[in-house]
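In case you want the letters, here they are:
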Amino acid sequence: YAFIVTISDLILFLLFYGLFKVRYKRIIFTFSLDFGLVKSFGSFIGWNTIGSSSKVFKDQGVNILINIFTEASVNAARAVSFQAASAVSTIVNQLMFAVGPRITKHMSHGDILTAEKLVFSSTRYIFYFSVILCATIYLYANQLLNIWLSSVPVYSVIFLKLFVINVLIDII
């Protein structure tokens, strides 16, 4: 799979390169290596990899521990609750993603004060929305799971409440 994706990306790059070479004759591609930029990218990639890996190890480690020390129904309850909490987290992330282009626009025009104001206000409003959403899910977790599932696993309500609290903490 990875090989096919790599080949398709390479083909797309070559097609775009050929298209721009034909259409825009003044653009010349030269390969240069800026070690400061490479170091900066490498640092970002390294820290991003560590952060993403730690989240994966945390989630999968909890699954392994639940499988070792409890029964399968507890793992099923956690999986159901994790799906519901992931939906909430996706909504919040999409709201944050929607504000990004305006912040980038203001930053690129040098309007840093407006960009900072937009960051603070959008974060505040998204957090308020998240609190309302998560509080609703927390208070009505049992009813929501009964609507969603025909038979609700035993510990899923508790797990859902814990995951909703975790989503709010992650937003901060």
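See the structure above.
Residues numbered from 1 in each chain as written. Predicted model: local features only at pLDDT ≥ 70, side-chain atom pairs only at ≥ 80, totals over all residues. Heavy atoms only, no water.

S.K.: Which residues make up the side chain of Arg78, and what are the values?
M.R.: With respect to the helices and strands, Arg78 occurs in helix α3 (residues 72-108). The side chain of Arg78 sits in the buried core without any salt bridge; Asp59 is the nearest counter-charge, 4.2 Å away. Separated by 2.8 Å, the side chains of Arg78 and Asn63 make a polar contact. Dropping the residues within four chain positions of it, Arg78 is found in contact with Asp59, Val62, Asn63, Ile66, Phe159 and Phe163. (Helix = DSSP H or I, 4+ residues; strand = E, 2+ residues; numbered from the N terminus. Buried < 20%, exposed > 50% of the residue type's maximum accessible area, 1.4 Å probe, protein only. Lys, Arg positive; Asp, Glu negative; His and termini not counted. Salt bridge = Lys/Arg side-chain N within 4 Å of Asp/Glu carboxyl O. Polar contact = N/O pair within 3.5 Å; in protein donor to acceptor, adjacent residues only side chain to side chain. Contact = heavy atoms within 4.5 Å.)

S.K.: Give me helix α2 (residues 35-69): which residues, what numbers.
M.R.: For α2, with 35 residues, the first-to-last C-alpha span of 49 Å sits near the 51 Å given by 1.5 Å per residue. Taken as a whole, α2 has its buried residues at Asp59, Asn63 and Ile66. The inward-facing, buried residues of α2 contact α3 and α6 (156-171). (Expected span 1.5 Å × (residues − 1).)

S.K.: Now, about the pattern of salt bridges: what can you tell me, with residues and values included?
M.R.: Under the counting rule described, the total for this entry stands at 2 salt bridges. The shortest N-O distance in the salt bridge between Asp59 and Lys55 comes to 3.5 Å. Here Asp59 and its partner Lys55 are both found in helix α2, 4 residues apart, which amounts to about one turn of the helix. We classify Asp59 as buried; its relative accessible area is 12%. For Lys55, a relative accessible area of 44% gives the class partly exposed.

S.K.: I'd like to hear about the packing of aromatic side chains, residue by residue, with values.
M.R.: Taken as a whole, this structure holds 3 aromatic pairs when the rule is applied. Taking the centre distance of 6.2 Å and the plane angle of 20 degrees together, the rings of Phe13 and Tyr17 count as stacked. Pair noted here: Phe13 and Tyr17 are both in helix α1 (residues 2-23), with a separation of 4 residues, about one helical turn. Ring geometry for Phe82 and Phe163: centres 5.5 Å apart, planes at 70 degrees, overall edge-to-face. Here Phe82, found in helix α3, pairs with Phe163, found in helix α6; they are 81 residues apart in sequence, far enough to count as distant. The exposure class of Phe163 is buried, given its relative accessible area of 13%. Positioned over the ring face of Tyr138 is Lys161, at 5.0 Å from the centre of the ring. (Phe/Tyr/Trp six-rings, centres within 6.5 Å; stacked < 30°, edge-to-face > 60°. Lys NZ or Arg CZ within 6 Å of the ring centre and 35° of its normal.)

S.K.: Explain the environment of Ile165 residue by residue, including any values.
M.R.: Mapped onto the fold, Ile165 is located in helix α6. In this structure, the C-alpha to C-alpha distance between Ile165 and Tyr138, residues 27 residues apart in sequence, is 8.3 Å.

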